[in-house]
Amino acid sequence: MIFRETVFKLKDGRDALLRSPCEEDAEEMLRFIIQASGETAFLMRFPEEWEAVSLDEEKAFINKDYCDPNGMMISCVVDGKIAGNCQISFRTGMKDRHRASVAIALLRDYWSLGIGTRMFEEMIRLAEERGVRQIELDFIEGNNRARGLYEKMGFRITGVKPDAIRLKDGSFVNEYMMVKHLWR
């Protein structure tokens, strides 16, 4: 699905553009996720895992999402640079098409400017338009900043996957599941 471009003001007064990434963004999208993964231990992959993704693979991923009626990526561009990215994936089975999953990542320089909130508002709006009744996400134990955003947006913890994430030092942390109901 393609997101209709939207401009909004950041808390610092700069303009930010929300739009769907396209094939021409593939190289910058890879740089973005490698940088974001290196700035926090709370994303699902380490930077070197993203470094193994080829430019052609990233282009194919973007093109697939661009044409997928059951998912959408939204990038946030500030001063010509990708500052954040989010994704919503709609389930399609008869038993679970009332559900959608979301994910988000922001570069550290753009934290606390309102980007995460705005991206969530858009993903929630898209879910409501689609008739989704619950949105789901997972977060890694210790990611209190993200948890605060998710709770602000109406998500609540519904479960825990013990020792789901293994860090480079060999230690394990839990992964928490959250849900936001749209019908209440």
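You'll find the structure just up there.
Calculation notes
Along each chain, the written sequence defines residue order, and numbers are assigned to residues from 1. In view of the model being predicted, local features appear only for residues whose pLDDT reaches at least 70, and side-chain atom pairs are presented and counted only at 80 or more, with totals across whole chains, interfaces and linings using the full set of residues. The basis for every side-chain value is the complete set of heavy atoms in the structure, and neither hydrogens nor water enter the calculation. Any Lys or Arg side-chain nitrogen located within 4 Å of an Asp or Glu carboxyl oxygen qualifies as a salt bridge. A simple rule labels every residue: compare its accessible area, found with a 1.4 Å probe on the protein chains alone, to the largest value its type can have, and call it buried under 20%, exposed over 50%, or partly exposed in between. In this description a helix means any DSSP run of H or I spanning at least four residues, a strand means any run of E spanning at least two, and both kinds are numbered starting from the N terminus. Strands qualify as paired when DSSP identifies two bridges or more between them. Structural elements are reduced to axes, namely lines fitted to C-alpha atoms, with helices fitted over the stretch in contact, and the angle between N-to-C directions of any two is expressed from 0 to 180 degrees. Should any heavy atoms of two residues lie within 4.5 Å, those residues are considered in contact.

Student: Before we go on, may I ask you to explain the pattern of salt bridges in this structure?
Tutor: Two side chains bearing opposite charge may form a pair once their charged atoms approach each other closely. In this structure the tally under the stated criterion is 16 salt bridges. In this structure, R14 and D12 form a salt bridge, with 2.8 Å as the shortest nitrogen-oxygen distance. We classify R14 as partly exposed; its relative accessible area is 26%. Across the salt bridge formed by E122 and R118, the nearest N and O atoms sit 3.3 Å from each other. Here R118 and E122 lie together in helix α4 (residues 115-130), a separation of four residues that amounts to about one turn. Note on E122: relative accessible area 8%, which makes it buried. Here the residues in one salt-bridge network are R91, D96, R99 and E136, joined through shared partners.

Student: Would you mind showing me how to read the sheet that holds strand β4 (residues 81-90) here?
Tutor: Where strands meet in a sheet, backbone hydrogen bonds hold them as pairs that are either parallel or antiparallel. Taken together, eight strands build an open sheet; the order of strands is β1-β2-β3-β4-β5-β6-β8-β7 and the sheet is mixed. Both outer strands of the open sheet, β1 (6-9) and β7 (156-166), are each paired with one neighbouring strand and no more. The average angle at which neighbouring strand axes cross in this sheet is 25°, direction not considered. Across four bridges, the pairing between β1 and strand β2 (residues 15-19) is antiparallel. From the neighbouring strand, T6 faces β2, where its bridge partner is L18. Sheet strands in contact with helix α5 (residues 144-152) are β5 (99-106), β6 (134-140), β7 and β8 (172-181), and its direction is about 165° off that of β6.

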